Amino acid sequence: MDENSTLLVDVKGLNVYQEDKLILQNVNMHVDVGEFVYLIGKVGSGKSSLLKTLYCELPVAEGEVNVVGYDLKKIKNNKIPLLRRKIGMVFQDFELMNDRSVYENLRFVLRATGWKDKQEIETRINEVLKSVGMLDKKLSMPAQLSGGERQSVSVARALLNNPPIIFADEPTGNLDPESADVIVNLLYKLCESGKSVLMVTHNHGFFRKYAGRIYTFGNQTVTEQGDNKIAIAIDDLDDMETPAVEAFEAEIESNVQTQNFASQSEEHQSAPSTDPSADAQGAAQDATQGTQGEEAQSEYPEINSDNVQTQNFASQSENIE
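Residues numbered from 1 in each chain as written. Predicted model: local features only at pLDDT ≥ 70, side-chain atom pairs only at ≥ 80, totals over all residues. Heavy atoms only, no water.

Draft legend 1. Local environment of the overall build of the chain. Secondary structure assignment for the chain yields ten helices and ten strands. Put simply, the chain has 321 residues, and 49% of those count as buried. Of the contacts made within the chain by residues no fewer than 6 positions apart, 70% connect residues no fewer than 24 positions apart. Working note: accessible area of the chain is about 16,100 Å², and carbon and sulfur atoms make up 45% of it. (Helix = DSSP H or I, 4+ residues; strand = E, 2+ residues; numbered from the N terminus. Buried < 20%, exposed > 50% of the residue type's maximum accessible area, 1.4 Å probe, protein only. Contact = heavy atoms within 4.5 Å. Areas by Shrake-Rupley, 256 points an atom, 1.4 Å probe, with all protein chains shown as cover.)

Here you go:
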């Protein structure tokens, strides 16, 4: 990767495999400094497989992948822990060690990634816990915390080594709506400090409140969407309740009608009709479409996903020199 590039993730023509099975093909995506990027799609559509590829849990066999300056097609095994130090991970199931306090969970990660000075460890733990509003829970056990509090600790853990990018794999999947919003708000604010966030989610309500680029997964492909108000994966419709489906379809239809109206207007300007009756009929159709588009605006509820498989970075980093 170019040393002057601001891209933290740069993927070109990637094919993702699980053993010999093709999961995703011809993936092209990027994440720039300070960006908030969503990955959405049905369970089993390849979102987590892509994340695993980006942190070297799955190998890159075909295509080009650069993550925080590392060429993942050429990376050596002894460099993978160094790559992972530059990636903060937030998992759906928290991945906290239940037999250790919040402080001991975070200290374990720092010791595993090369920190030795006790005072520096203490200071860093206090800094990250304060940043997520959990400093007063430092000595608590995970079982004493709510789901939202445990996930806040997970965000603090992801920040310990000050990584430039956070991978969040369904971070709100096990949370109530209020706690989920707190976590996404924490992640979103990280972008203000120049960090980037790549988040897998099924919660469509976040798109309106927290703007970001969206990649949708379906039929072994990944597609970037342009407008985060309507860019919901079509494949996710089966997971929605009927009112949500109807609201979503109405909004998509409204957008399509608006695009068609603009296209028809351009055609009228470039090639005016010589048939007065045809012009009158077209104008009536355009007016009807405009009215339908205005009436189709609606909201739909948030939706949580099933559990996904997670990995524990801290335990994988114990052999760092």
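So, next bit.
Draft legend 2. View of a positive patch on the surface. Taken together, the side chains of Arg100, Arg107, Arg111, Lys116 and Lys118 present a region of like positive charge at the surface. Relative to the helices and strands, Lys116 is located in the loop between helix H3 (102-112) and helix H4 (118-131). (Patch = residues over 30% accessible without salt bridge, like charges linked within 9 Å, V, L, I, M, F, W, Y side chains within 5 Å. Salt bridge = Lys/Arg side-chain N within 4 Å of Asp/Glu carboxyl O. Lys, Arg positive; Asp, Glu negative; His and termini not counted. Charge placed at Lys NZ, Arg CZ, Asp CG, Glu CD.)

Draft legend 3. Region of the structure containing the confidence of the model for the chain. Taken over all residues, the pLDDT of the chain has a mean of 78, while the share at 70 or more is 69%. In the predicted structure, residues 229-246 sits below a pLDDT of 50 and forms 45 contacts with residues beyond four places in sequence or in another chain. Across residues 252-312, confidence stays below pLDDT 50; counting only partners more than four residues off in sequence or on other chains, it has 69 contacts. (pLDDT = per-residue confidence, 0-100.)

Draft legend 4. Structural context of the nonpolar core. Counting 40 residues, the largest nonpolar core has Phe36, Tyr38, Ile125, Ile166, Leu187 and Met199 as the members making the most contacts within it. Residue assignment for this core shows that the elements contributing at least two residues are strand E3 (36-40), H3, H4, helix H5 (147-159), strand E7 (165-169), helix H6 (177-190), strand E8 (196-200) and helix H7 (205-209). Looking at this core, the element that brings in the most residues is H6, giving six residues. Residues in contact with Ile125, not counting those within four places in the same chain, are Tyr103, Leu106, Arg107, Leu110, Lys138 and Leu160. Grouped together as the second largest cluster of nonpolar side chains are 37 residues, Leu14, Ile87, Tyr215 and Phe217 included. (Core = buried A, V, L, I, M, F, W, Y, C linked by side-chain atoms within 4.5 Å.)

Draft legend 5. Structural detail: the environment of Asn77. Looking at where Asn77 falls in the secondary structure, it is placed in the loop between strand E5 (70-71) and helix H2 (80-85). Judged by its relative accessible area of 65%, Asn77 falls in the exposed class. In this structure, the C-alpha to C-alpha distance between Asn77 and Cys56, residues 21 residues apart in sequence, is 9.2 Å.

Draft legend 6. Inspection of the packing of aromatic side chains at higher detail. The final tally for this structure, using the stated rule, is five aromatic pairs. Plain terms: the ring middles of Phe36 and Tyr38 are 5.1 Å apart, the flat faces sit at 65° to each other, and that makes the pair edge-to-face. In this structure, Phe36 and Tyr38 share a single accessibility class: buried. An aromatic cluster of three or more residues is present, and its members are Phe36, Tyr38, Tyr188, Phe206, Phe207 and Tyr210. (Phe/Tyr/Trp six-rings, centres within 6.5 Å; stacked < 30°, edge-to-face > 60°.)

Draft legend 7. Structural detail: helix H1 (residues 47-54). For H1, a buried count of eight out of eight residues is recorded, marking the element as mostly surrounded by other parts of the structure. Listed in full, the buried residues belonging to H1 are Lys47, Ser48, Ser49, Leu50, Leu51, Lys52, Thr53 and Leu54. Directly beyond the C-terminal end of H1, a positive phi value near 70° is found at Cys56.

Draft legend 8. Focus on the pattern of salt bridges. Applying the stated criterion to the full structure yields eight salt bridges. A salt bridge links Glu35 to Arg213, with the shortest nitrogen-to-oxygen separation between them at 2.7 Å. One end of the pair, Glu35, is in the loop between strand E2 (21-32) and E3; the other, Arg213, is in strand E9 (residues 213-218), with 178 residues separating them in the sequence. Exposure remark for Glu35: the relative accessible area of 19% places this residue in the buried category. As a salt-bridge pair, Lys138 and Glu122 come within 3.0 Å of each other at their nearest N and O atoms. Separated by 16 residues along the polypeptide, Lys138 in the loop between H4 and H5 and Glu122 in helix H4 bring together distant segments of the chain. What makes Glu122 partly exposed here is its relative accessible area of 25%. The structure contains a network of salt bridges with shared partners spanning Glu35, Arg213 and Glu224.

Draft legend 9. Layout of the packing of H5 against H6. Where H5 contacts H6, the axes come no closer than 9 Å and their chain directions differ by 15°. By the angle between their axes, H5 is roughly parallel relative to H6. Where H5 crosses over H6, the handedness of that crossing is right-handed. The segment H5 lies against H6, with Gly148, Gln151, Ser152, Val155 and Leu159 engaging Ser179, Ile183, Leu186, Leu187 and Leu190. Looking at the contact of H5 with H6 residue by residue, the classes come out as six nonpolar, four polar and no charged. (Axes fitted to C-alpha atoms, helices over the stretch in contact; angles between N-to-C directions. Parallel < 35°, antiparallel > 145°, perpendicular 65-115°, else oblique. Left-handed = near helix turned anticlockwise from the far one by under 90°. Nonpolar A, V, L, I, M, F, W, Y, C, P; charged D, E, K, R; others polar.)

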